[in-house]
Amino acid sequence: MEKVGIYEFMAEPFHCDFSQRLFMGHLGNHMLNAADFHSTDRGFGMRYLLTINRSWVLSRLAIEMEEMPKMYTKFNVETWVESAMRYFTSRNFRVVDNEGKVYGYGRSIWAMIDTETRQPTDIFAIDNGAINNWIEKDKECPIEKGGRVKMDEGAKLVRTIDPYYNDVDINGHINSVKYIEHVLDLWDQQWYMAHRIKRFEIAYVAEAHQGDSLSFFLQQTAEHEYCVRICKDGDKECCRSKVVFSPWK
């Protein structure tokens, strides 16, 4: 089995926006599915981990796209483990079609937690550190790693929502992709008619659950660059995100 996994998806019509291009949230979901398929095939995926009270949780995700796949387009998500430490592992992605056209790349950081204590646990304890057998250091991922999203007191509260059933994932907390969708909903369709998402970053700080009220604080930090802080119950930070837009040419 190769170190790099390749998984085919399609930009299904009801996963696309008004421009007939794939929603960023659905692309993120495809990346997370590819990560699970890759790790499951190699013996350290969720199917096995849940039997021993372990689970992967996403800590950081950065996606940088030159173009989003159009409706009905088939494309591949390639994924590989770049490095592994005791409590965190980095995994990269490349989105490419069968002719070699590259749409973009992704970088992610994952932690393994104990599902009972909700605390990080030793990744190398799984099958005597078998994840080390799958590390691929030579495959290029040319985008920058996700950095610290810097915001100050100038961020303004722009929305508060209550998460419900469809926001909750198999780990019992708010789904990673749902945060992406809620952040990108801060801009309306008119904005997206003039701008595309060039880069999206999100860093998860603390878990939120159904019953928590989520507040979104928005700050423009550069031209076409915006940062978002999400807090539960008003003041406890759950995650931070950065969105870099590019005007349509």
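See above for the structure.
### What about the environment of Gln 190?
- Mapped onto the elements of the fold, Gln 190 is located in helix α4 (residues 189-194).
- Along the sequence, Gln 190 and Asn 76 sit 114 residues apart, while their C-alpha atoms lie 30 Å from each other.

### Thoughts on the sheet that holds strand β4 (residues 88-96)
- Sheet architecture is open: 10 strands sit in the order β1-β3-β4-β5-β2-β7-β10-β9-β8-β6, paired in antiparallel fashion. The open sheet has two edge strands, β1 (5-10) and β6 (156-161), and neither has a second partner. Neighbouring strand axes in the sheet, compared pairwise and without regard to direction, differ in orientation by 25° on average.
- Helix α3 (residues 176-184) contacts β2 (54-65), β6, β7 (195-204), β8 (214-222), β9 (225-232) and β10 (236-247) of the sheet and is inclined by roughly 135° relative to β7.

### Details of the nonpolar core
- Formed by 58 residues in total, the largest nonpolar core has its most connected members in Met 24, Leu 27, Trp 56, Phe 75, Tyr 179, Trp 187 and Phe 200.
- Among the elements that make up this core, the one with the highest residue count is helix α1 (residues 24-41) (6 residues).
- Core analysis: the next-biggest nonpolar cluster, separate from the first, contains 6 residues, Val 149, Ala 155, Phe 217 and Cys 231 among them.

### Concerning the pairing of β10
- Counting buried residues in β10 gives 9 out of 12 residues, a clear majority hidden from the surface.
- By the bridge criterion, 9 bridges tie β7 to β10 in an arrangement that is antiparallel. Its bridge partner lying in β10, Ile 197 is registered against Phe 245.
- Pairing of β9 with β10 involves 8 bridges; the strand directions are antiparallel. When the sheet's bridge partners are listed, Val 228 is paired in β10 with Ser 241.
- Counting the residues between successive antiparallel strands, the hairpin from β9 to β10 contains 3 residues, one of them, Asp 233, with a positive phi of roughly 50°.

### Description of a nonpolar patch on the surface
- Together, Met 85, Tyr 87 and Phe 88 make up a nonpolar patch on the protein surface, roughly 280 Å² of accessible area in all.
- Secondary-structure assignment places Tyr 87 in the loop between β3 (74-84) and β4.

### Description of the pattern of salt bridges
- Inspection of the entire model under this criterion finds 11 salt bridges.
- A salt bridge links Lys 139 to Glu 78; the nearest nitrogen and oxygen atoms lie 3.2 Å apart. Separated by 61 residues along the polypeptide, Lys 139 in the loop between β5 (102-114) and β6 and Glu 78 in strand β3 bring together distant segments of the chain.
- The class of Glu 78 is buried, set by a relative accessible area of 7%.
- Arg 199 is paired through a salt bridge with Glu 201; the nearest N and O atoms lie 2.8 Å apart. Grouping residues by exposure puts Arg 199 and Glu 201 together as buried.
- Within this structure, Glu 64, Arg 199 and Glu 201 form a network of salt bridges that share partners.

Rules of the game
Residues numbered from 1 in each chain as written. Predicted model: local features only at pLDDT ≥ 70, side-chain atom pairs only at ≥ 80, totals over all residues. Heavy atoms only, no water. Helix = DSSP H or I, 4+ residues; strand = E, 2+ residues; numbered from the N terminus. Pairing = 2+ DSSP bridges. Axes fitted to C-alpha atoms, helices over the stretch in contact; angles between N-to-C directions. Contact = heavy atoms within 4.5 Å. Core = buried A, V, L, I, M, F, W, Y, C linked by side-chain atoms within 4.5 Å. Buried < 20%, exposed > 50% of the residue type's maximum accessible area, 1.4 Å probe, protein only. Patch = residues over 30% accessible without salt bridge, like charges linked within 9 Å, V, L, I, M, F, W, Y side chains within 5 Å. Areas by Shrake-Rupley, 256 points an atom, 1.4 Å probe, with all protein chains shown as cover. Salt bridge = Lys/Arg side-chain N within 4 Å of Asp/Glu carboxyl O.

It is worth stressing that arrangement in space is one thing and function is another; only the former is reported here.
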